[in-house]
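Working through the structure, step by step
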Amino acid sequence: TLVVGCQKQAQFEKEIPGSKGQPPELLGSYAAKEIRPGETWNIYLKAKDVDGDMKYIVAVLFMAGEGSYPTSEIWLNGENRSEFEGYIFLHTPMDENLAVEMDTLKVSIFIRDRAGNKSQTVKLPLSFEPGRTPEKVPAQWQQAAKNQLGYINNSIMSIEDAEIQ
C-alpha cells in the first residue's frame, strides 16, 4: 500500500506546474546536405526523455539574406514522448532557381517537453544541386526511416517565384 502511495505521489509531482524535471536529450541527427530541387528533405532524429514528457519538435528554417521562416512545431504523441527514432521532412519546390539564388538553407531543431525544458539545438545545412542523385539513408538511420513524425510546415521558394506571388 505504501509503495502505491509513493507512485501516485511521484505521478502527482510530475504534473505540478513549474516542476522542471529533466530536459529531453537529442541523441543524434542526420540529413543530406545537398538535394535536388523538388526532392523531399528528410531529417532523421533520435531522442529520449527520462520524464517521458516530450511535447513537440521545434524546427526553424533560416535562409541567408532572407531571414527566418515561421517556426514549425511537430507534436509528439504516445510512445514518442519518452523515446523515438524517426524523421521529419520538408517538401521543396521543383525550382532550379533555388540552386542559383540560395547559398544554404539552415534548419535549427530542438525538442521541448511539457515542463518547458528544451533539449540541445542541432543545426543542419541544406543546399540545392540540380540533377543530384538522392542519397541512400545510412544504415544507422534505417529504423528511423520507418517512423514519420511529421512535417516542417513551411513553403520555401526562390526569390524569382516570391516576386511573382
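Shown above is the structure to which this text applies.
Just so it is clear, the structure is predicted and the values come from calculations on it, not from any experiment.

The rules behind these values
Residues numbered from 1 in each chain as written. Predicted model: local features only at pLDDT ≥ 70, side-chain atom pairs only at ≥ 80, totals over all residues. Heavy atoms only, no water. Pairing = 2+ DSSP bridges. Helix = DSSP H or I, 4+ residues; strand = E, 2+ residues; numbered from the N terminus. Axes fitted to C-alpha atoms, helices over the stretch in contact; angles between N-to-C directions. Buried < 20%, exposed > 50% of the residue type's maximum accessible area, 1.4 Å probe, protein only. Contact = heavy atoms within 4.5 Å.

Considerations on the sheet that holds strand S3 (residues 41-48)
- Overall, mixed pairing links the 4 strands, which are arranged S1-S3-S7-S10 in an open sheet. Two strands close off the open sheet at either side, each with one partner strand: strand S1 (25-31) and strand S10 (148-151). Between one strand axis and the next, the sheet turns through 25° on average, direction left out of account.
- Of the pairings in the sheet, the one linking S1 to S3 comprises 6 bridges and is antiparallel in character. By the bridge assignment for S3, Gly-28 is matched with Lys-46.

Description of the environment of Lys-46
- For Lys-46, the location among the structural elements is in strand S3.
- Taking the relative accessible area as the measure of exposure, Lys-46 reaches 32% and is therefore partly exposed.
- For Lys-46, the contacting residues outside a window of four places in its chain are Glu-25, Leu-26, Leu-27, Gly-28, Phe-84, Glu-85 and Trp-141.

Here's the deal with the environment of Gly-38
- Here Gly-38 is to be found in the loop between strand S2 (34-35) and S3.
- With relative accessibility at 33%, the residue Gly-38 sits in the partly exposed group.
- Residues Gly-38 and Leu-98, 60 residues apart in the sequence, show an inter-C-alpha distance of 9.9 Å.
- In this structure Gly-38 touches Thr-92, Pro-93 and Met-94, once residues within four positions along its chain are discounted.

Without other data, these values stay purely geometric and don't point to any function.
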